[in-house]
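Structural overview for review
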Amino acid sequence: MPGPLPPTELYASERVVVLVSCVLSFLGSSLLVCTHALWPELRPRPRQLLLYLSLADLLSALSYFYGVLQDFDRTSWDCVLQGALSTFANTSSFFWTMAIALYLYITIVRGSPTGTGLLCCFYLVSWGVPLGITVAAVALKKIGYDASNVSVGWCWVNLDAEDRVLWMLLTGKVWEILAYVTLPVLYILIKKHINRAVSILLLSLSEYRPILSRAPAFQPRTSIADKKLILIPVIFIILRIWSTVRFILTLCNSPAVQNSVLVVLHGIGNTFQGGANCIMFVLCTRVVRTRLFSSICCCHDNELDWPLQRSNGHWQHPEPHKDKDVPGPERTKPLLSST
């Protein structure tokens, strides 16, 4: 590998943009964790895996925020600590992202039952492998100042390490490139399987006119699911590709690695994964979005009702409606929220 490039200078505007991205990612990951904790009924197995991905993205956003805020110019103890945390969290995020895709492929396409054995394998690989790599990198003193040529202010692989390319691959890039290939393939296979199953279902229903009339209402939901399946790998690649581009430019010793636009895109792409997941799996998921907005509206209504109930110094109890035509509580059935 050619000699290292001079350090990349980070401007204040670039740092502000990346810091805002870190904050949004932190808030998005926190919202995903909160929805998982508050509503046990919204915990299917894929969302349990999403919880661990959100925890990895949460730690990643915090470590990147500190790194960008400090804008390290040398290897120090906090540089090594921040670099180790971001390396572990970022690598773990790759593994959990691929684990979710693999889980969906096994359950939807293969139709294989998923027991605790598969989940234990996911836990072991997605937490254990990144932890082992990070511990080895810290023990061998490979984590340190990298002149922001393959980062945006934070610390990663030490610029002075002779085998820095090998450790850049092990601590992130090889898993990132593997995800570029694995995610599109798995989600395309899942999408094809769903489309095939829907086509067979609609064909079988076409023999029955009353049921066929309901088919158009079913198709929009499948199209939404198809779009989300396509967007998951696309968004991942759009966010992460810029760090790979700068990595390749660094290997080529190209001064283009210090281009301001590339630096900002790299900073946003590496730090906004939690925010993107929140948009996909909370704001764009109808069941979770409805439950979240209902909770917010209920809290707001309770705050507005508080002064009204206390306005005359005593509680205002509503008068019970005595219309005989309206059934009493014992004669009504609770309405279930639509899923």
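If you're wondering where the values come from, they're calculated on a predicted model, not measured in any experiment. (Residues numbered from 1 in each chain as written. Predicted model: local features only at pLDDT ≥ 70, side-chain atom pairs only at ≥ 80, totals over all residues. Heavy atoms only, no water.)

1. Quick notes on the nonpolar core
- Of all hydrophobic cores here, the largest spans 34 residues; its most connected members are Leu 49, Ile 100, Phe 122, Leu 183 and Tyr 187.
- Contributing elements (two or more residues each) for this core: helix 2 (45-70), helix 3 (77-110), helix 4 (116-139), helix 5 (164-205), helix 7 (215-251), helix 9 (273-283) and helix 10 (286-309).
- Sorting elements by how many residues they give to this core places helix 3 first, with eleven residues.
- The contacts of Phe 122, once residues within four sequence positions are left out, are Leu 49, Trp 96, Ala 99, Leu 102, Tyr 103 and Trp 127.
- Formed by nine residues, the second largest nonpolar core is a distinct cluster that contains Leu 10, Cys 22, Trp 154 and Val 263. (Core = buried A, V, L, I, M, F, W, Y, C linked by side-chain atoms within 4.5 Å. Buried < 20%, exposed > 50% of the residue type's maximum accessible area, 1.4 Å probe, protein only. Helix = DSSP H or I, 4+ residues; strand = E, 2+ residues; numbered from the N terminus. Contact = heavy atoms within 4.5 Å.)

2. Looking at helix 4
- End to end, helix 4 covers 33 Å across 24 residues, agreeing with the expected 34 Å (1.5 Å per residue, within 8%).
- Along helix 4, the sharpest kink reaches roughly 30°, centred on Gly 128 and followed within four residues by the proline Pro 130.
- Of the residues making up helix 4, those classed as buried are Leu 119, Phe 122, Ser 126, Pro 130, Ile 133, Thr 134 and Ala 137.
- In the segment just after helix 4, Lys 141 is the residue with positive phi, at about 60°. (Expected span 1.5 Å × (residues − 1). Bend = angle between axes of the 7 residues up to and from the residue.)

3. A look at the UniProt feature "transmembrane region" (unreviewed entry) in the protein chain
- On the UniProt side, "transmembrane region" (unreviewed entry) is annotated at positions that read residues 16-37, 49-67, 87-106, 118-140, 166-190, 229-249 and 261-284 here.
- Strand forms 0% of residues 49-67 and helix 100%; the C-alpha atoms that close the span are 27 Å apart.
- Secondary structure content for residues 166-190 is 100% helix and 0% strand, while the C-alpha to C-alpha distance between its ends is 34 Å. (UniProt positions renumbered as here; feature names shortened; annotations may be inferred.)

4. Some words on the packing of aromatic side chains
- Evaluation of the coordinates by the stated rule reveals eleven aromatic pairs.
- Centroid distance Phe 88 to Trp 127: 5.9 Å. Interplanar angle 25°. Geometry classified as stacked. Here Trp 127 lies in helix 4 and Phe 88 lies in helix 3, a separation of 39 residues in the sequence.
- Ring plane angle 65° and centroid distance 6.2 Å describe the contact between Tyr 180 and Phe 236, whose orientation is recorded as edge-to-face. One end of the pair, Tyr 180, is in helix 5; the other, Phe 236, is in helix 7, with 56 residues separating them in the sequence. With respect to burial, Tyr 180 and Phe 236 carry one shared label: buried. (Phe/Tyr/Trp six-rings, centres within 6.5 Å; stacked < 30°, edge-to-face > 60°.)

5. Things to note about the pattern of salt bridges
- Scanning the model with the defined rule gives two salt bridges in all.
- In this structure, the salt-bridge partner of Asp 163 is Lys 142, at a minimum N-O distance of 2.9 Å. One end of the pair, Asp 163, is in the loop between strand 2 (156-157) and helix 5; the other, Lys 142, is in the loop between helix 4 and strand 1 (143-144), and 21 residues separate them in sequence.
- When its relative accessible area of 28% is taken as the criterion, Asp 163 is described as partly exposed.
- Accessibility expressed as a relative area gives 15% for Lys 142, which makes it buried.
- With its nearest N and O atoms 3.0 Å apart, the salt bridge here joins Glu 176 to Lys 173. (Salt bridge = Lys/Arg side-chain N within 4 Å of Asp/Glu carboxyl O.)

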